[in-house]
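Overview (structure and organization)
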Amino acid sequence: MTKQYKNYVNGEWKLSDEEITIYEPATGKELGTVPAMSHEEVDYVYASAKAALPEWRALSYIERAAYIHKAADILERDAEKIGSVLSKEIAKGLKSAVGEVTRTAEIVNFAAEEGVRAEGEVLEGGSFDAASKRKIAVVRREPVGLVLAISPFNYPVNLAGSKIAPALISGNVVAFKPPTQGSISGLLLAEAFAEAGLPAGVFNTITGRGSVIGDYIVEHEAVDFINFTGSTPVGENIGRLAGMRPIMLELGGKDAAIVLEDADLELTAKNIVAGAFGYSGQRCTAVKRVLVMDSVADELVKLVTEKVEKLSVGMPEEDADITPLIDTKAADFVEGLIKDAADKGAVATTPIKREGNTIYPTVFDKVTTDMRLAWEEPFGPVLPIIRVNSVDEALEIANESEYGLQSSVFTQDFPLALKIAEQLEVGTVHINNKTQRGTDNFPFLGAKKSGAGVQGVKYSIHAMTNVKSVVFDIAK
Ligand code: NAP
Ligand code: G3H
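All of these numbers come straight from a predicted model, not from anything done at the bench. (Residues numbered from 1 in each chain as written. Chains lettered and ligands numbered in written order. Predicted model: local features only at pLDDT ≥ 70, side-chain atom pairs only at ≥ 80, totals over all residues. Heavy atoms only, no water.)

To continue, consider the layout of surface pockets. By volume, the second largest pocket amounts to about 710 Å³. Taken together, 26 residues make up the lining of the second largest pocket; nearest its centre are Ser96, Tyr155, Gly278, Tyr279 and Arg283. Looking at the lining of the second largest pocket, the element that brings in the most residues is helix 4 (residues 94–116), giving six residues. The residue inventory of the lining of the second largest pocket, partitioned by class, reads eight nonpolar, eight polar and ten charged. (1 Å grid on protein atoms, 1.4 Å probe; cavity = no way out; pocket = protein on both sides within 12 Å on 5 of 7 lines; lining within 4 Å. Points joined across faces, edges and corners; volume = space filled by probe spheres on them. Helix = DSSP H or I, 4+ residues; strand = E, 2+ residues; numbered from the N terminus. Nonpolar A, V, L, I, M, F, W, Y, C, P; charged D, E, K, R; others polar.)

Encoded structure:
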């Protein structure tokens, strides 16, 4: 029998009456079970968290940071152990999975340090009328209260840590809901916070299928802030259910790499391939389309194809570049996009092949805007290349997307790159590099259907705290 994992609630590890069996996507082997929490159990999580809030927020930043640094040390210590389970649970290459855990430890440490440096400000009156010169505003930041952190399957640990640590250092209490496929890894992350000795109720976990308990955990009146990363439809639903409560949504993307005539094509191809095919394309920030000037398209397609042909296809424990996708539904969806593009005349420059849920890395040249692949997010290893004749045409196609996460521009002409960046309707533009989150102190955000709110350690702390202004009339 495999291990029965438990939820961490009010300082105790707890089973539920119902459980969910988690299987390894790459092998179909059972990995363990996690509790499927009931509504009553969720109520208890929230009540425990709320009860722990007054004492936790009353601590100094240094005191809270001590717990959080300890959790980071434990994550660092256990990176191999957690990474090997993570690799199996979400079919991520072993090295990347261990890297996800160490990157999480770094974010957690950084958040603790950033919190310690948090400062309020004092504003003088007198800007609008002389009489108000007597006024001084002391502007402080206060925790929002109970933060519900929800992470996606592709970064169940890292995109949890990047929410939990900034929330905790700011004096908030946390309920963490990992993705079901990724919940064992999420509970291993919770073990680090438990071992760090956080007071009971400050940090808690909720497992269960989003389709079953998702709306309940979001709508619940105890929740003060929802910090979500995942798909756009689920994010939109959360936005509707949140009502007046603040939210942070990091959602899907269709990141474009725009390649101009003067680009260093070798560097460009290297970045595009790494950006498009890392973790088999299952990254929100993956390069999901290339918009290349026709005059250099042949050369770029050749270089990209040569590099894609060298990608290894295999199992997560072999550290293959391309591993089986998270489930059959995902592989069927990607296959559908590939078929649509091929049927409509796109030119595949690599073999089109599927074995089980493994989709071999596929590059399509001469993709046109009537193909689904030009607009839809595959979340799989397929890269459409669209040829364009001008910067304006590239901008028009880039901005026509419903998404607005990131873009890349490859060129030696920095003033032009800046001008293009100003016109792209996205959260971040990378010049001469692949689209990517991070480094993790940078702001990370999506425009349009790619999200709402800004992540990145300092920005996350900002988002999960409220301003409180205390105004003194000093003349009285
Ligand atoms: P997903 O299906 O939206 O699930 C994300 C999380 O939401 C999971 O924990 C899921 O739990 C939970 N959930 C499902 N239904 C819910 C509901 N009604 N209420 C509350 N939570 C609910 O996304 P995914 O398949 O895990 O991740 C892939 C998507 O995430 C892609 O679109 C990708 O672009 C996006 N993503 C975006 C970013 C970014 O920063 N912009 C980063 C990573 C991923 P269950 O697993 O139990 O269903
Ligand atoms: O999948 C979405 C992540 O936020 C992407 O992060 O660019 O570091 O892989 P990454």
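Still to come is the rest of the account.
Neighbouring ligand 2 are Arg103, Asn154, Tyr155, Leu159, Arg283, Cys284, Thr285, Gln436, Arg437 and Phe444. The side chain of Tyr155 places a nitrogen or oxygen atom 2.5 Å from an oxygen atom of ligand 2. Thr285 is positioned with one of its side-chain polar atoms (N or O) 2.6 Å from an oxygen atom of ligand 2. Applying the majority rule of atoms within 2 Å of the grid points places ligand 2 in the second largest pocket. Residues that form the shell around ligand 2 fall into these classes: four nonpolar, three polar and three charged. (Near = heavy atom within 4 Å. Polar contact = N/O pair within 3.5 Å; in protein donor to acceptor, adjacent residues only side chain to side chain. Sits in = over half its atoms within 2 Å of the grid points.)

Turning our eyes to something else, we now look at empty space enclosed by the protein. Across all of its chains, the model carries three cavities of 30 Å³ or more by this definition. In this model, the largest cavity occupies a volume close to 100 Å³. For the largest cavity, the lining is made up of 13 residues, of which Ser162, Asp440, Gln455, Gly456 and Val457 are closest to its centre. Mapped by element, the contributors of at least two residues to the lining of the largest cavity are helix 5 (158–169) and helix 14 (457–463).

The next subject is the packing of helix 9 (residues 265–277) against helix 10 (residues 294–309). Taken N-terminus to C-terminus, the directions of helix 9 and helix 10 make an angle of 50°; their axes are 9 Å apart at the nearest point. In terms of orientation, helix 9 and helix 10 fall into the oblique class. Relative to helix 10, the crossing made by helix 9 is right-handed. Each of Leu265, Glu266, Thr268, Ala269, Lys270, Ile272, Val273 and Phe277 in helix 9 lies in contact with helix 10, whose residues at this interface are Val296, Glu299, Leu300, Leu303, Val304, Lys307 and Val308. (Axes fitted to C-alpha atoms, helices over the stretch in contact; angles between N-to-C directions. Parallel < 35°, antiparallel > 145°, perpendicular 65-115°, else oblique. Left-handed = near helix turned anticlockwise from the far one by under 90°. Contact = heavy atoms within 4.5 Å.)

So, about the environment of Ala263. With respect to the helices and strands, Ala263 occurs in the loop between strand 12 (255–259) and helix 9. Placed 206 residues apart in sequence, Ala263 and Ser469 show a C-alpha to C-alpha distance of 50 Å. For Ala263, the contacting residues outside a window of four places in its chain are Thr268, Phe410, Thr411 and Gln412.

Before going further, it helps to examine the sheet that holds strand 6 (residues 135–143). Strands sit in the order 5-6-26 across an open sheet of three strands; the sheet is antiparallel. This sheet does not close on itself; its edge strands, each paired only once, are strand 5 (121–124) and strand 26 (465–473). With strand direction ignored, the average angle separating the axes of adjacent strands in the sheet is 25°. Taken together, the four bridges between strand 5 and strand 6 define a ladder with antiparallel strand orientation. Pairing of Val122 across the sheet is with Val138, part of strand 6. (Pairing = 2+ DSSP bridges.)

Moving on to the site of ligand 1. Near ligand 1 you find 31 residues, and of these Thr180, Gly210, Ser231, Leu251 and Glu377 are the closest. Contacts to ligand 1 include Phe153, whose backbone N or O atom sits 3.0 Å from an oxygen atom. In this structure, Gly210 approaches ligand 1 through a main-chain N or O atom, which is 2.8 Å from an oxygen atom. Here ligand 1 loses 86% of its free accessible area of 900 Å² to cover by the protein chains. For the shell around ligand 1, the elements supplying multiple residues, two or more each, are helix 7 (210–219), strand 10 (225–229) and helix 8 (232–242). A class-by-class count of the residues in the shell around ligand 1 yields 15 nonpolar, eleven polar and five charged. (Areas by Shrake-Rupley, 256 points an atom, 1.4 Å probe, with all protein chains shown as cover.)

Bringing the sheet that holds strand 17 (residues 362–365) into the picture now. Read across the sheet, seven strands follow the order 14-17-18-13-12-20-21 without closing on themselves; strand pairing throughout is mixed. Bordering the open sheet on either side are strand 14 (347–348) and strand 21 (428–431), each of which pairs with just one other strand. With three bridges connecting them, strand 17 and strand 18 (residues 382–388) associate as parallel partners. The residue of strand 18 that forms the bridge with Thr362 is Val382. In the packing of helix 10 onto the sheet, contacts are made with strand 12, strand 13 (287–293), strand 17 and strand 18, and the angle to strand 13 comes to roughly 145°.

With that out of the way, let us pick up helix 10. Taking 1.5 Å of rise per residue, 16 residues should cover 22 Å, and helix 10 covers 23 Å from first to last C-alpha, within 8% of that figure. The largest bend along helix 10 reaches roughly 25° and is located at Leu300. All of the buried residues along helix 10 are Val296, Ala297, Leu300, Val301, Leu303, Val304, Thr305 and Val308. Buried residues belonging to helix 10 abut strand 12, helix 9, strand 13, strand 17 and strand 18. (Expected span 1.5 Å × (residues − 1). Bend = angle between axes of the 7 residues up to and from the residue. Buried < 20%, exposed > 50% of the residue type's maximum accessible area, 1.4 Å probe, protein only.)

Bringing the environment of Asn433 into the picture now. If you trace the backbone, Asn433 turns up in the loop between strand 21 and strand 22 (444–445). Distance in space between the C-alpha atoms of Asn433 and Glu422 is 17 Å, their sequence separation being eleven residues. Setting aside residues up to four positions removed in sequence, Asn433 forms contacts with Asn271, Ser408 and Phe410.

Moving on, we get to the packing of helix 3 (residues 79–90) against helix 4. Across the interface, helix 3 lies against helix 4 with an axial gap of 8 Å and an inter-helix angle of 130°. Classified by the angle their axes make, helix 3 and helix 4 are oblique. Regarding helix 3 and helix 4, the two cross each other, and that crossing is right-handed. Across the interface between the two elements, Ala79, Glu80, Ile82, Gly83, Ser84, Leu86 and Ser87 of helix 3 pack against Leu94, Ala97, Val98, Glu100, Val101 and Thr102 of helix 4. Of the residues in the contact of helix 3 with helix 4, the class split is seven nonpolar, four polar and two charged.

Purely spatial values, then, with no claim about function.
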